[in-house]
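An overview of the molecular structure
Chain residues, written in single-letter form:
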Amino acid sequence: MPAHAVTYGTPTISLSAGYLSGSVNGVGDQTVDVTVGQSGADVSALTVSASASSKASVAGTGDVTVTGSGAVRRLAVTAHGRGYTNLTIKVTGLGGKTASKTLSYAASAAVGNPADARYFSGASDSSAAVDVGGGYTVVADDENNVLRLYDRSRSDAPVRTWDFSSRLGVTKEVDIEGATRIGNTVYWTGSLGNNKDGEYKAPRNTVFTTTISGSGSATQLAYGRSYTHLREDLVAWDRAHGDRYGFAAGTAAGQAPKQIDGFNVEGLEFAPGSTTTAYVGFRAPLAPAVPGGRALLVPVTNFDEVLSGGASARFGSAIELDLGGLSVRDIRKNAQDQYLVLAGSWAADDNSDPYALYQWDGVAGHAPVKRADLPTGDPGGWEAIVEVPDLSVPGARVQLITDSGSADLYGDGIEAKDLTHPEFKKSRAAWFTLN
């Protein structure tokens, strides 16, 4: 009797994402998993290929590699030009049957040393970060209230996300700009200022806590408590001390926050050896509010009580730091109470303005020392320090993250925050060696 002919079904193919972002000459760029199958066939006999179906100058057929031989293959793209292209991913099965999917791909320009850069996708307006161990970090975004967990070593989408809007009782963004960690408690602060049109928006006047359990890729966050009157406390304190910093005027209706005499918080860190006193760092105003002024830190001496029980904030004497006319964009310390201050302009449109890193010991009256000038013209402004290394070690390296929301990543004139597909939104995380 003749053997029965084997009947093969139509192959199946699915992609872990329909949209993928990379960078020109990128190192460790994000990949896509391609899952294939065919009824009656050994998956190892299936062939997966890719071809450029639109703009080959961005990435052509020869720029796509597929590795693996099982049901799940890994697809990577090497970009050669900035812009968008569509790739057709095809599985060829036994019996000559095929199936295909389209992958939309976008490549941003090469910036700096590609080996030192990673891209965190899913959001573009990164504004604060906290290290959670095991090579992972939780990153906040100032356009929403979602916290995202990323592998610091990879360009990738977040491992998991948490949206605390409902727990905070808000529907608009808190405008998270600063964060710090004590033990398993992470403190987050909104900007406390008006919006860009000078309007008061209550959610921005929020500081809140989350509690960490686990670490690394297993990190989980739980909502803690919030406080919504720190802005008023700061204005009352400044008023009681002669309006030296102009907080009342800076928070007035119609006052934009990112002015030299505005009101905008972007840094939060605890004082040396303290779990109660926290430094609130200001992007604006400078002190005094004239060009060449000093950056401003205001100590909240009962910050733990403010968040644990809703006590009104009490304040210590303000600290004024000479950061070469720049203001605080982030401040972070390590276990040895060595501080790094990320310094940048108070201005709203400051991508071409200078940025620098300063080392400080956290003591009022002690001068900070510049450790590095940072590149300007990067897609976005430098906004977050992930963690502070041992600053006494020669060649210590620090990872910083950009807020790229206003950047035209792909050369189409669209700001990253306005891109339709969240997979194309991203912030750049880069390593810098301290001088």
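In the annotation of an unreviewed UniProt entry, the entry for the chain reads DUF3616 domain-containing protein, and the organism field reads Streptomyces racemochromogenes.

Moving on, we come to the nonpolar core. Judged by nonpolar contacts, the single largest core of 26 residues is most densely connected at L230, L234, F247, F282 and F303. Elements with a minimum of two residues in this core: helix 2 (230-240), strand 18 (264-270), strand 19 (278-287), strand 20 (294-300) and helix 4 (303-309). Not counting residues within four places of it along the chain, the set of residues in contact with L234 comprises L192, F247, F263, F282, V298 and F315.

This next bit is on the pattern of salt bridges. One pass over the full model with this rule turns up 19 salt bridges. Note that E266 and R283 form a salt bridge whose closest N and O atoms lie 2.8 Å from each other. Separated by 17 residues along the polypeptide, E266 in strand 18 and R283 in strand 19 bring together distant segments of the chain. For R283, a relative accessible area of 2% translates into the label buried. Overlapping salt bridges bring together E266, R283, R329 and E383 as one network.

Our focus in this paragraph is helix 2. Of the residues making up helix 2, those classed as buried are L230, R231, D233, L234, V235, W237 and D238. Along its buried surface, helix 2 packs onto strand 16 (207-213), strand 17 (220-227), helix 3 (247-250), strand 19, strand 20 and helix 4. Of the residues one or two after helix 2, G242 is the one with positive phi, at around 85°.

As a further point, take the sheet that holds strand 7 (residues 83-92). Across the sheet, which stays open at both edges, the four strands sit in the order 2-8-7-4 with mixed pairing between neighbours. In the strand order of this sheet, the two ends are held by strand 2 (19-23) and strand 4 (47-52), each with one partner. When the angles between neighbouring strand axes are averaged without regard to direction, this sheet yields 30°. Relative to strand 8 (residues 98-108), strand 7 runs antiparallel, the two sharing 10 bridges. In the sheet register, I89 faces strand 8, and the bridge partner there is K101.

Reading the values: rules and limits
- Residues numbered from 1 in each chain as written.
- Predicted model: local features only at pLDDT ≥ 70, side-chain atom pairs only at ≥ 80, totals over all residues.
- Heavy atoms only, no water.
- Core = buried A, V, L, I, M, F, W, Y, C linked by side-chain atoms within 4.5 Å.
- Buried < 20%, exposed > 50% of the residue type's maximum accessible area, 1.4 Å probe, protein only.
- Helix = DSSP H or I, 4+ residues; strand = E, 2+ residues; numbered from the N terminus.
- Contact = heavy atoms within 4.5 Å.
- Salt bridge = Lys/Arg side-chain N within 4 Å of Asp/Glu carboxyl O.
- Pairing = 2+ DSSP bridges.
- Axes fitted to C-alpha atoms, helices over the stretch in contact; angles between N-to-C directions.

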